[in-house]
Amino acid sequence: MALDAAQIRARLVERFGDAIGAPAGQGRDTALEIAPARITEVALVLRDDPELAFDCLSNLSGVDYPKAGHIQVVYHLFSYRHRHWIVLKVNALRDDPVVPTVSGVWSHANWQEREAFDLLGVRFTGHPDLRRLLMPEDWPGHPLRKDFVEPEEYHGIATSRESLLKA
């Protein structure tokens, strides 16, 4: 039986109390803010509770909010058994963004967390292989941060090119 976001939240609040924030948004975009330290425990319950059965982490991404001083990690979950969904959001301090891994809950989080690490600098504690995925290991900075400034060159190679679409 599919549950709506309010029912899913009620089950989580029953177990985790104030580690589960108030819902934001509506419909498929309803999101729950989760205390960072509790994300792995919450993920395990969401996956293992037969009435929830969130067997699919369909997306893990991040958003940089420099004015608010945090980077938000966003988890889109889906249950194939029950055909319901929920979005979780975890705020990590921008100066030192650290969030526990969920790669032991959903194995494909391994690559999605590596992407968030690479592009935003979020460190996922407990991750089995946290290293850059898209950028070279010695690339300076994290390209999806709002204050990122691309270097003019990398190892003597220019990082910008003349447009091939000149009219």
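Coordinates for the structure precede this section.
Residues numbered from 1 in each chain as written. Predicted model: local features only at pLDDT ≥ 70, side-chain atom pairs only at ≥ 80, totals over all residues. Heavy atoms only, no water.

**Some remarks on the packing of aromatic side chains**
If you walk through the whole model with that rule in mind, you get three aromatic pairs. Between Phe78 and Tyr80, the ring centres sit 5.0 Å apart and the planes meet at 85°, which makes this aromatic pair edge-to-face. Aromatic side chains Trp139 and Tyr154 sit 5.1 Å apart centroid to centroid with 45° between the ring planes, which places their arrangement in the tilted category. Placement of Trp139 in the loop between β7 (123–125) and β8 (153–154) and of Tyr154 in strand β8 is noted, with a sequence separation of 15 residues between them. On the accessibility criterion, Trp139 (10% relative accessible area) is buried. Within the aromatic cluster, the residues linked to one another by ring pairs are Phe78, Tyr80 and Trp85. Between Arg114 and the ring centre of Trp111, over which it is positioned, the NZ or CZ distance is 5.0 Å. The ring of Tyr65 is capped by Lys146, whose NZ or CZ atom sits 5.9 Å from the centre of that ring. (Phe/Tyr/Trp six-rings, centres within 6.5 Å; stacked < 30°, edge-to-face > 60°. Helix = DSSP H or I, 4+ residues; strand = E, 2+ residues; numbered from the N terminus. Buried < 20%, exposed > 50% of the residue type's maximum accessible area, 1.4 Å probe, protein only. Lys NZ or Arg CZ within 6 Å of the ring centre and 35° of its normal.)

**Focus on the side chain of Gln72**
Looking at the element boundaries, Gln72 is found in strand β4 (residues 70–79). The exposure class of Gln72 is buried, given its relative accessible area of 9%. Reaching out from Gln72, the side chain makes a polar contact with the side chain of Asn91 at a distance of 2.9 Å. In this view, Gln72 contacts Ser61, Gly62, Val63, Tyr65, Lys89, Val90 and Asn91; residues no more than four positions away in its chain are not counted. (Polar contact = N/O pair within 3.5 Å; in protein donor to acceptor, adjacent residues only side chain to side chain. Contact = heavy atoms within 4.5 Å.)

**Some details on the environment of Ala37**
Mapping Ala37 onto the fold places it in the loop between β2 (31–34) and α2 (39–48). Judged by relative accessible area, which is 65%, Ala37 ranks as exposed. Spatially, the C-alpha atoms of Ala37 and Pro100 are 6.7 Å apart, while their sequence positions differ by 63 residues.

**Considering the sheet that holds β2**
Reading across the sheet, the five strands line up as β1-β2-β5-β4-β3 and stay open at both edges, with mixed pairing between neighbours. Single-partner strands in this sheet number two, and they are β1 (20–24) and β3 (56–65). If you compare each strand with its neighbour and ignore which way they point, the axes differ by 25° on average. Bridge count between β3 and β4: nine bridges; the pairing is antiparallel. The partner of Asp64 across the bridge, within β4, is Ile71. This element, α2, spans β1, β2, β4 and β5 (84–93) of the sheet and lies at about 170° to β5. Together, β3 and β4 form the strand contacts of helix α3 (residues 109–120), whose direction differs from that of β3 by roughly 10°. (Pairing = 2+ DSSP bridges. Axes fitted to C-alpha atoms, helices over the stretch in contact; angles between N-to-C directions.)

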